[in-house]
Amino acid sequence: MNHDEWMRLALKEAEKALALDEVPVGALIVKDGEIIAKAHNLRETAQVATAHAELLAIEKACKKLKSWRLEGCILVVTLEPCAMCTGATLLSRVDGIVFGAYDPKGGCMGTVTDLTTLKAFNHQPWVIGGVLENECAQCLTDFFKNKRKAPTLP
């Protein structure tokens, strides 16, 4: 599969988040051309600040591989990871990250800052951003537009 095909599957995970009224972000962990973990945002559902799609996918992949090291793995995610999620990619040693939409308010793989290129860290994964960017961004834009239109309760 190519990056576009993986991203389409990550968008399906984002749709699961959308169905739960969560910010629609989906993530996959791919190893040797096979999805070993997938997740979507559950922060509102779980009321846990760290329940981002990336962290949940990383946790599932670690359990599947019985290792905290995800060497040989790629994270595919619909939105540029925040500082917390970027840190998790560095700590888990994923080889690379493929993301869809850029995040001008919190993206830490090149937009607000780029934690993946800091030589002080002992791991620097490769990063490809903007894969199916329009589709990923539109999903988020539509979600927030609908949120702003939603009636408020008295």
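Here the structure is a predicted model, which is why all the values come from computation and not from measurement. (Residues numbered from 1 in each chain as written. Predicted model: local features only at pLDDT ≥ 70, side-chain atom pairs only at ≥ 80, totals over all residues. Heavy atoms only, no water.)

Undergrad: So what about the pattern of salt bridges? Which residues, and what values?
TA: In total, this model carries four salt bridges according to the counting rule given. Across the salt bridge formed by D21 and K147, the nearest N and O atoms sit 2.6 Å from each other. Taken as a pair, D21 in the loop between α1 (3-19) and β1 (26-31) and K147 in helix α5 (residues 133-149) lie far apart in primary sequence, 126 residues in all. By relative accessible area, D21 is classed as partly exposed at 42%. (Salt bridge = Lys/Arg side-chain N within 4 Å of Asp/Glu carboxyl O. Helix = DSSP H or I, 4+ residues; strand = E, 2+ residues; numbered from the N terminus. Buried < 20%, exposed > 50% of the residue type's maximum accessible area, 1.4 Å probe, protein only.)

Undergrad: How would you explain the layout of surface pockets if you had to name every residue and give the values?
TA: What the largest pocket holds in volume is close to 470 Å³. Taken together, 20 residues make up the lining of the largest pocket; nearest its centre are V23, L79, D103, L140 and F144. Grouping the amino acids of the lining of the largest pocket by side-chain chemistry returns 11 nonpolar, three polar and six charged. (1 Å grid on protein atoms, 1.4 Å probe; cavity = no way out; pocket = protein on both sides within 12 Å on 5 of 7 lines; lining within 4 Å. Points joined across faces, edges and corners; volume = space filled by probe spheres on them. Nonpolar A, V, L, I, M, F, W, Y, C, P; charged D, E, K, R; others polar.)

Undergrad: Kindly report on the sheet that holds β1, identifying the contributing residues and their values.
TA: Strand order in the open sheet formed by five strands is β2-β1-β3-β4-β5, and the pairing between neighbours is mixed. The sheet is open, and its two edges are formed by β2 (34-40) and β5 (126-128), each paired on a single side. Each neighbouring strand pair of the sheet contributes to a mean axis angle of 15 degrees, computed without reference to strand direction. As defined by bridge partners, strand β4 (residues 96-101) adjoins β5 across three bridges and the pair is classed as parallel. Bridge pairing in β5 links G96 to W126. Here helix α3 (residues 53-65) sits on the sheet in contact with β1, β2 and β3 (73-79), set at roughly 140 degrees to β2. (Pairing = 2+ DSSP bridges. Axes fitted to C-alpha atoms, helices over the stretch in contact; angles between N-to-C directions. Contact = heavy atoms within 4.5 Å.)

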